[in-house]
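Per-entry structural report
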Amino acid sequence: MENILVIGSSGQIGSELVIALRKLYGGEHVFATDIKSAPADVMEGGPFQILDVLDEKQLIHFVIRNRITQVYHLAAVLSGNAEKIPQQAWDINMRSLLNVLDLAREVKLKKVFWPSSIAVFGPTTPRVNTPQFTVMEPTTVYGISKMAGERWCDYYFKKFGLDTRSIRYPGLISYKTEAGGGTTDYAVEIFYEAVKHKKYECFLQEDTILPMMFMEDAINATIELMELPSEKISIRSSYNVAGISFSPKELALEIKKHIPEFEITYKPDFRQAIADSWPQSIDDSYARANNGWKHRFDLSRMTQVMLTEIGKKLA
Ligand code: SER
């Protein structure tokens, strides 16, 4: 019997992952927690509690009391926000992970999932078809914390036999819960603005290509990885996983197919430098070979679903 704790269940990934996990394991076996309230379906479809992952005593009590066997730790300060509060972001991103890893070791959790990101790469990394194993010199606080986190996950696996699993998510695109403070978030905002105002001012330049993925693909990749038998997992730092790569201009053209009046303008800010330090596309052959991973949403299908769902939401 599995009891699963999701930390960060109110966020962009958590709010969808909780629902997917509850379908698989049953509502009462998936414990949603966050420092803020979650969407109604997350709070009503099973246990939900306000919990701060930085409070290690409360965390361990929660895990023991609810006989938790697996943890998905999703709470983090994203790239744009982290640049505004570097020390605090480092503290939150790192201490929360170490709390979870230590706790997992102490109570002998079966598995831990922790997300990494394309932000682990930097300007010295090959930007096209970025390999799984390559130069990693991230220049953002967020990227540094993700790179260090990957090393810690690998370390706990090798040193203590803890079953750690991770994915380097590209920019995630979803309609349920908006992301906050990321560099790839323009690709979410643009859909809301397109539906609401038929125009969008983009904080990245028109030709800035970044790796992206529709949330449904990301959730599938995550659950597929977590369902694999441990011996099938050859990478304990984090797997490269790829979906689609596009620029703001290409995305705007795709949106125009549905909303011909849509206009995009460009006013790059500090996030341009972050985007310029990240890959344009990702080689995920390890994940494809190891896990049988395959993305399903291309640019056109994703755009169609995003516009339809956001249209319904705002109606
Ligand atoms: N989407 C994240 C961000 O932009 C990267 O993992 O911060």
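We now turn to the structure provided with this report. Computed from a prediction, not measured in an experiment: that's the story for all the values here. (Residues numbered from 1 in each chain as written. Predicted model: local features only at pLDDT ≥ 70, side-chain atom pairs only at ≥ 80, totals over all residues. Heavy atoms only, no water.)

Attention now goes to the sheet that holds strand β13 (residues 244-246). Backbone-to-backbone hydrogen bonds join strands into a sheet, with any given pair of strands oriented parallel or antiparallel. An order of β9-β11-β13 is seen for the 3 strands of this open sheet, with the pairing classed as mixed. Single-partner strands in this sheet number two, and they are β9 (171-173) and β13. Put simply, the sheet's adjacent strands are angled 40° from each other on average, direction ignored. Bridge count between β9 and strand β11 (residues 210-214): 3 bridges; the pairing is parallel. Considered in β11, the bridge of Leu172 is made with Met213. (Pairing = 2+ DSSP bridges. Helix = DSSP H or I, 4+ residues; strand = E, 2+ residues; numbered from the N terminus. Axes fitted to C-alpha atoms, helices over the stretch in contact; angles between N-to-C directions.)

The geometry of an aromatic ring pair comes down to the distance between the two centres and the angle between the two planes. Evaluated as defined, the whole model comprises 11 aromatic pairs. Ring centres 5.7 Å apart and planes at 80° place the aromatic pair Trp152 and Tyr155 in the edge-to-face group. On the criterion of helical spacing, the pair formed by Trp152 and Tyr155 is a turn pair, its members being 3 residues apart in helix α6 (residues 141-160). The class for Trp152 is partly exposed, based on a relative accessible area of 33%. Overall, Tyr155 belongs to the partly exposed group, its relative accessible area being 39%. Chaining the aromatic ring pairs together yields one cluster made of Trp152, Tyr155, Tyr156 and Phe160. For the cation-ring pair, Arg236 lies above Phe157, with the distance from its terminal atom to the ring centre recorded as 4.2 Å. Against the face of Phe203 rests Arg271, its NZ or CZ located 3.5 Å from the ring centre. (Phe/Tyr/Trp six-rings, centres within 6.5 Å; stacked < 30°, edge-to-face > 60°. Buried < 20%, exposed > 50% of the residue type's maximum accessible area, 1.4 Å probe, protein only. Lys NZ or Arg CZ within 6 Å of the ring centre and 35° of its normal.)

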